[in-house]
Amino acid sequence: MNMEKYPSNEGNLENLINSHQNSQDSGDESEKRVLAMMANIQKRGEQEVANPDFNTAVNSPKTIRQDSEVDNANYWDLTDKIPSRGLVYPEGTMIEARPLKVIEVKKLASITGENADYVINDIVKRCVRVQGIAGTEEIYLADKIYLILWMRAVTYRDSSYTVGFTCPKCEKSSNYHFEVKNLDVNYLKDEYNPDTKIELESGEYIGLRHLKIKDEMEIERFVKINQKVLGEIDVELLALACMITNINGDISKRLLDKYNYVLEFTPGDLSQVTTYIEKYSIGIEEKMTVECSECGGFVPMDVVFRSDFFLPKYTAR
């Protein structure tokens, strides 16, 4: 999914609220009360963020105990709803998520192209509970993006929360209310077999899997450590190396070994491997379908992460 770069608004929810307030009739007392309430919510959220318990990963024993006593009803089991349908995780794996809290909305509203991975991974760690895998770092990237969009949708379920856009059909300034059903999701095909052997032109073979959150971290570390020694590093080929589970059945290869192995691919090898990856790709399509509030038409819209997507406008109906 493409990540466009937008001003971060310095992640300040109060500034975003105030800019909305200034554009409205100052005599509207009811709206003032709503804005004051949101400001108080933000203040409490900022106080909570300093609390170690609040910042504890949701998969820690302490937080799991708290969730089972207090927040258990707020978590939804999404294991069979995510793009992988849970089929690529160990048997018995459960992946649950909850709506966003105000401090998490604030973090997401500050997202930029530079900090996107860090912010999203932090939100996933806070808001997602897992069972049957070591932690949220074992979640596949396609599932991660779906989880973030699902959390955004259920946080603002009321249709009064909208995002502005210019409708290409009626050419008017319009709004849309985001829901999960707007998304076009590529789910894992039934015939996918994680043990498939992909034979190369040399007669050797490799195994592949989809990328996980932990692979993003490993790729970043690899580039930082090896940039000076290796010079130019092709990040796309490095990501492909991360996807390799074994080379001729050998699962002990380091990432550096796998990267060097990929660099020795023939063009035919690369074509065959990328064709296989595309065939079994999963995730969210770059376009979603939204309904224009002006003409009622359904139009394609880019799926992008920006401030007004995570902090939409509220329009009283």
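Just so it is clear, the structure is predicted and the values come from calculations on it, not from any experiment.

**Q** Honestly, the overall build of the protein chain in this entry has me stumped. Any pointers?
**A** Along its length, the protein chain carries 12 helices and 13 strands. Residues counted as buried form 43% of the 317 residues belonging to the protein chain. Summarising the internal contacts of the protein chain: among those between residues at least 6 apart in sequence, 68% fall at separations of at least 24. Carbon and sulfur atoms make up 48% of the accessible area of the protein chain, which amounts to about 17,400 Å² in all.

**Q** Please clarify how the confidence of the model for the protein chain should be interpreted in this entry.
**A** Of the residues in the protein chain, 76% reach a pLDDT of 70 or more, and the chain-wide mean stands at 82. Considering only residues more than four positions removed or in separate chains, one finds that residues 1–28, a stretch of pLDDT under 50, has 47 contacts. Low pLDDT (under 50) marks residues 44–72, which in the prediction has 41 contacts with non-local residues, meaning those over four places away or in another chain.

**Q** In this structure, what is going on with helix α5 (residues 102–109)? I would like to understand it.
**A** Because an α-helix completes one turn every 3.6 residues, residues spaced three or four positions apart along the sequence face the same direction. α5 sits mainly inside the fold: 6 of its 8 residues count as buried. Of the positions making up α5, those classed as buried are Ile-103, Glu-104, Val-105, Lys-106, Leu-108 and Ala-109.

**Q** Explain the sheet that holds strand β8 (residues 205–208) here, please?
**A** Hydrogen bonding along the main chain pairs the strands of a sheet, whether they run parallel or antiparallel. Taken in spatial order, the 3 strands line up as β7-β8-β9 in an open sheet, and their pairing is antiparallel. Either end of the sheet is taken by a strand with one partner, and the two such strands are β7 (198–199) and β9 (244–247). Pairing of β7 with β8, which is carried by 2 bridges, proceeds in the antiparallel orientation. Within β8, the position partnered with Glu-199 by the bridge is Tyr-205. Its contacts with the sheet place helix α9 (residues 235–243) against β8 and β9, and it is angled at close to 70 degrees to β9.

**Q** Sorry if this is basic, but what is going on with the pairing of strand β4 (residues 161–166) here?
**A** Along a regular strand, successive side chains alternate from one face of the sheet to the other. The pairing of β4 with strand β13 (residues 313–314) spans 2 bridges and is antiparallel. Note that in β13 the partner of Thr-162 across the bridge is Lys-313. Across 4 bridges, β4 lies against strand β5 (residues 173–176) in antiparallel orientation. Among the inter-strand pairings, Thr-166 is bridged to a residue of β5, identified as Ser-173. The hairpin turn running from β4 into β5, its antiparallel successor, is 6 residues long, and Glu-171 in that turn takes a positive phi close to 60 degrees.

**Q** Whenever I open this one, the packing of helix α6 (residues 116–127) against helix α7 (residues 141–155) confuses me. Can you help?
**A** In contact at an axis separation of 10 Å, α6 and α7 are set at 70 degrees when each is read in the N-to-C sense. Viewed along their axes, α6 and α7 adopt a mutual orientation that is roughly perpendicular. On α7, the residues that touch Asp-117, Ile-120, Asn-121, Ile-123, Val-124 and Cys-127 of α6 are Lys-144, Ile-148 and Met-151.

**Q** In this structure, what is going on with the sheet that holds β4? I would like to understand it.
**A** Read across the sheet, 3 strands follow the order β5-β4-β13 without closing on themselves; strand pairing throughout is antiparallel. Only two strands of the sheet have a single neighbouring strand rather than two, namely β5 and β13.

**Q** Would you explain the nonpolar core in this entry?
**A** The nonpolar side chains of a soluble globular protein tend to be buried with one another. Membership of the largest hydrophobic core comes to 79 residues, with the highest contact counts inside it found for Ile-139, Met-151 and Ile-206. The element that contributes the greatest number of residues to this core is α7, accounting for 11 residues. Sequence-distant contacts of Ile-206, that is, excluding residues within four places in its chain, are made with Thr-196, Lys-197, Ile-198, Leu-200, Ile-244, Asn-246, Ile-247, Tyr-261, Phe-265 and Val-273.

Procedures and definitions
- Residues numbered from 1 in each chain as written.
- Predicted model: local features only at pLDDT ≥ 70, side-chain atom pairs only at ≥ 80, totals over all residues.
- Heavy atoms only, no water.
- Helix = DSSP H or I, 4+ residues; strand = E, 2+ residues; numbered from the N terminus.
- Buried < 20%, exposed > 50% of the residue type's maximum accessible area, 1.4 Å probe, protein only.
- Contact = heavy atoms within 4.5 Å.
- Areas by Shrake-Rupley, 256 points an atom, 1.4 Å probe, with all protein chains shown as cover.
- pLDDT = per-residue confidence, 0-100.
- Pairing = 2+ DSSP bridges.
- Axes fitted to C-alpha atoms, helices over the stretch in contact; angles between N-to-C directions.
- Parallel < 35°, antiparallel > 145°, perpendicular 65-115°, else oblique.
- Core = buried A, V, L, I, M, F, W, Y, C linked by side-chain atoms within 4.5 Å.

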